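# Reading the structure
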Amino acid sequence: MSFNRISRRQFAGMAAWSALGISTKPAESGQAGASKEKRLPDRSLSSGFPGGFLWGTATSAYQIEGAVNEDGRGPSIWHRHVHTSGKILDHSNADVANDHYHRYKEDVRLMKALGVKAYRFSIAWPRVFPEGAGSPNPKGLDFYNRLLDELLANDIEPFATMYHWDLPQALQDRHGGWLSRDTSKAFADYAGYVAERLGDRVKHIFTINECSRLVYLGYGAGSDAPGLELPQPELNQVRHNVALGHGLAVQAVRAHGRVGIRVGPAENIVTCIPAIETPANIRAAEIATRELNAGYLTVMLEGKYTDAFLAHAGKNALKYTAEDLSVISSPIDFVGLNVYTPEHYVVAVDNEQGFTLAPFPASFPYMGSAWSKIGPEAMYWAPRHVAKLWDVKSIYITENGTSAADEPAADGNVYDVDRIMYLRNYLIHLQRATSDGVPVLGYFLWSLMDNFEWSDGFEKRYGLYRVDFNTQRRTPKLSASFYRETIERNAVV
Ligand code: PNW
């Protein structure tokens, strides 16, 4: 029975690919024959990416898995938030979402059809420890065992994120979530446990996804779970505890994972772009990058808070020890960067801080989400600043992508040429970075498929595959073909 269901879906998927004029053969098996060679443009080598550049897609657990009550999973703060806060745009929840928990094999086939060689996913902490700490739930971990086996059988390398915002509700109830360093410690215990059990197959681990967003939107603005609006002193402490959780998890992964396991953060750095690329503006943008990321990447990589950051915190300054700072700055193997948008255009000025942030004109262009300004240069400057400021030798772009209106055309296809425009331009800047020697090793496109977009519910679509949430049917958008071609040629197309 399940065979019939799968093959029907598979067939539907294949039909959709061919409607878009794409061969359904997996890219890597399609050895370029003579006729195929002919249609390749005559590109100079400089337009390509380095050999071995890793192409991937990304998702996160709560946004796709569904099955929130299955196999002993405990509730998360997001489960509570969507069911009680009234803050989700379309009043939806992710109880089912993409039903990936049951359809993961089909979803791995979608990846395979794109030709990606890597997949970044997150592990749901409340599946593994339903109470956040204490007794583990082997059935919850088993889902990731099945997923890993399926990925590896398809030659797709797994990159696991330990925390993509779905904190076990029990830890929120017990000690206010990240307001307490008990949560930082529980996070490290969970990360060590997972590294020990999955480390035979997962070689790359990201600790926390976007510390800055979970702190600000979850505990400051209150739009994300747990929906709190804490005053500044507490918010500072939450931020510090999250950074501490990152550092403790780095240590736990090394202590419990196999020799050679690699670990680092996945941060949405505040990207500062030199408004005009003069040496003075470039220097000013570097200074701004260091200061505006002081509570996150800067302290993780330098082991200290900057003077300006501490002065700004003033009487709200946080409580921490020298030992905390050395934990937070535990050596990492790579930096993951989520790059979506240019936060600031910087101009050098002769003031105390050495820079000014240009105001955004009302005419500045945006993509589909309220915050998503279009600034492809962010994809060049974010990794370049990180490499230059902190001498980081390995960088992954852990997320990049966009929401778009994605209306199916009369023929049923989604011709998302705006998403393609966005991706092409960001990738041109990524290519500029790699050819300048910026050590970016791989790129994970957000997202494999449309999914639950947090407080925007299902109203914003980020996928290469369109998902009909009534039927769970996945259909490739035109951008899926764009990405597949890019991967196949290892060059921007
Ligand atoms: C990321 N910004 O969030 C998250 O990691 C994903 O879970 C999410 O689905 C994706 O991007 C798309 O939103 C961000 O304001 C949210 O710059 C906001 C920003 C950046 C990233």
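Our structure is the block above this text.
What you see is a predicted model; the values in this text were computed from it and never measured. (Residues numbered from 1 in each chain as written. Predicted model: local features only at pLDDT ≥ 70, side-chain atom pairs only at ≥ 80, totals over all residues. Heavy atoms only, no water.)

## Regarding the overall build of the protein
The helix and strand inventory of the protein stands at 18 helices and 13 strands. Here the C-alpha radius of gyration of the protein, 22 Å, is about what a compact globule of 493 residues would show, namely 23 Å. Seen through its C-alpha atoms, the protein measures out along the principal axes to roughly 65 × 55 × 45 Å. Relative to its full complement of 493 residues, the protein shows a buried share of 60%. For the protein, the proportion of contacts with a sequence separation of at least 24, taken over those separated by at least 6, is 77%. Summed over all atoms, the accessible surface of the protein reaches about 19300 Å², with 54% contributed by carbon and sulfur. Distance between charge centroids for the protein: 4 Å, based on 51 positive and 55 negative side chains. (Helix = DSSP H or I, 4+ residues; strand = E, 2+ residues; numbered from the N terminus. Rg over C-alpha atoms; globule rule 2.2 N^0.38 Å. Buried < 20%, exposed > 50% of the residue type's maximum accessible area, 1.4 Å probe, protein only. Contact = heavy atoms within 4.5 Å. Areas by Shrake-Rupley, 256 points an atom, 1.4 Å probe, with all protein chains shown as cover. Lys, Arg positive; Asp, Glu negative; His and termini not counted. Charge placed at Lys NZ, Arg CZ, Asp CG, Glu CD.)

## Let's talk about the site of the ligand
Not every one of the 17 residues close to the ligand is listed here, only the nearest: Q63, H164, R213, E453 and W454. Between the ligand and E399, the relevant distance is 2.9 Å, taken from an oxygen atom to a side-chain nitrogen or oxygen of the residue. Between an oxygen atom of the ligand and a side-chain N or O atom of W454, the distance comes to 2.8 Å. Compared with its free state, where it exposes 460 Å², the ligand has 92% of that area covered by protein. When grouped by side-chain class, the residues that make up the shell around the ligand number 6 nonpolar, 6 polar and 5 charged. (Near = heavy atom within 4 Å. Polar contact = N/O pair within 3.5 Å; in protein donor to acceptor, adjacent residues only side chain to side chain. Nonpolar A, V, L, I, M, F, W, Y, C, P; charged D, E, K, R; others polar.)

## Observations concerning the sheet that holds strand 6 (residues 272-274)
The strand order across the open sheet formed by 3 strands is 6-8-9, and the pairing between neighbours is mixed. In this open sheet, the two edge strands, each paired with only one partner strand, are strand 6 and strand 9 (355-357). Within the sheet, the average angular offset between the axes of one strand and its neighbour, ignoring direction, is 40°. Pairing between strand 6 and strand 8 (residues 344-348): 3 bridges, direction parallel. (Pairing = 2+ DSSP bridges. Axes fitted to C-alpha atoms, helices over the stretch in contact; angles between N-to-C directions.)

## Quick look at the side chain of N154
In this structure, N154 sits in the loop between helix 7 (138-153) and strand 3 (157-163). What makes N154 buried here is its relative accessible area of 16%. Beyond its immediate stretch of four places on either side in the chain, N154 contacts V108 and K112.

## Notes on the sheet that holds strand 11 (residues 440-446)
If you trace the 8 strands once around the closed barrel, you get 1-2-3-4-5-7-10-11, paired in parallel fashion. For this sheet the average axis-to-axis angle between neighbouring strands, irrespective of direction, equals 25°. Sheet topology note: the strand 3/strand 4 (residues 204-209) ladder contains 4 bridges and is parallel. By the bridge assignment for strand 4, F159 is matched with H204.

## What to know about the environment of A243
For A243, the location among the structural elements is in helix 11 (residues 232-256). Looking at A243, the relative accessible area reads 0%, which means it is buried. Expressed as a C-alpha distance, the spacing of A243 and D224, which sit 19 residues apart in the sequence, is 19 Å. Discounting residues that sit within four places of it in the chain, A243 has contacts with G295 and I328.

## Side note on the nonpolar core
Counting residues in hydrophobic clusters, the biggest one holds 138 residues, and the most contacted among them are W78, W125, Y163, W178, L337 and Y443. By size, the runner-up hydrophobic cluster in this structure holds 7 residues, among which are V270, C272, A284 and A288. (Core = buried A, V, L, I, M, F, W, Y, C linked by side-chain atoms within 4.5 Å.)

## Brief notes about the pairing of strand 2 (residues 118-122)
Along any regular strand the residues' side chains alternate between the sheet's two faces. Across the 5 residues of strand 2, 5 count as buried, placing the element largely inside the fold. The alternating pattern of strand 2 places A118, R120 and S122 and Y119 and F121 on opposite faces, both of which are buried. Where strand 1 (residues 54-58) lies against strand 2, 3 bridges are found, and the strand directions are parallel. Among the inter-strand pairings, T57 is bridged to a residue of strand 2, identified as Y119. Bridge analysis of strand 2 against strand 3 gives 5 bridges, and the strand direction is parallel. Paired with Y119 across the strands is P158, a residue of strand 3.

## Some details on the packing of aromatic side chains
Tallied over the full model, the rule gives 43 aromatic pairs. Between the aromatic rings of W55 and Y443, the centroid separation amounts to 5.8 Å while the plane-to-plane angle is 70°, which identifies the pairing as edge-to-face. Taken together, the residues span a long stretch of sequence, with W55 in strand 1 and Y443 in strand 11 at a distance of 388 residues. You can call W55 buried: its relative accessible area is 3%. Among the aromatic residues, those joined into a cluster by ring pairs are Y62, W78, W165, F452, W454, F458 and F469. (Phe/Tyr/Trp six-rings, centres within 6.5 Å; stacked < 30°, edge-to-face > 60°.)

## Here we look at empty space enclosed by the protein
Empty space among the atoms becomes visible once a probe the size of a water molecule is rolled across them. Counted according to the given criterion, the structure contains 3 cavities of 30 Å³ or more. Considered as a void within the structure, the largest cavity measures approximately 50 Å³ in volume. Lining the largest cavity we find I77, W78, Y163, W165, L214, G218, Y219, D224, A225 and P226. Sorting the residues of the lining of the largest cavity by element identifies helix 4 (77-84) and helix 10 (211-220) as the ones contributing at least two each. Among the elements that take part in the lining of the largest cavity, helix 10 stands out by supplying 3 residues, more than any other. Looking at the lining of the largest cavity residue by residue, the class counts come to 8 nonpolar, 1 polar and 1 charged. Considering only enclosed or pocket space, the second largest cavity measures out at about 40 Å³ in volume. Every residue lining the second largest cavity is listed: T59, S60, A61, I64, E65, H100, Y119, F121, S122, F143, Y144 and L147. For the lining of the second largest cavity, the elements supplying multiple residues, two or more each, are helix 3 (61-64), strand 2 and helix 7. (1 Å grid on protein atoms, 1.4 Å probe; cavity = no way out; pocket = protein on both sides within 12 Å on 5 of 7 lines; lining within 4 Å. Points joined across faces, edges and corners; volume = space filled by probe spheres on them.)

On their own, these measurements won't tell you what the molecule is for.
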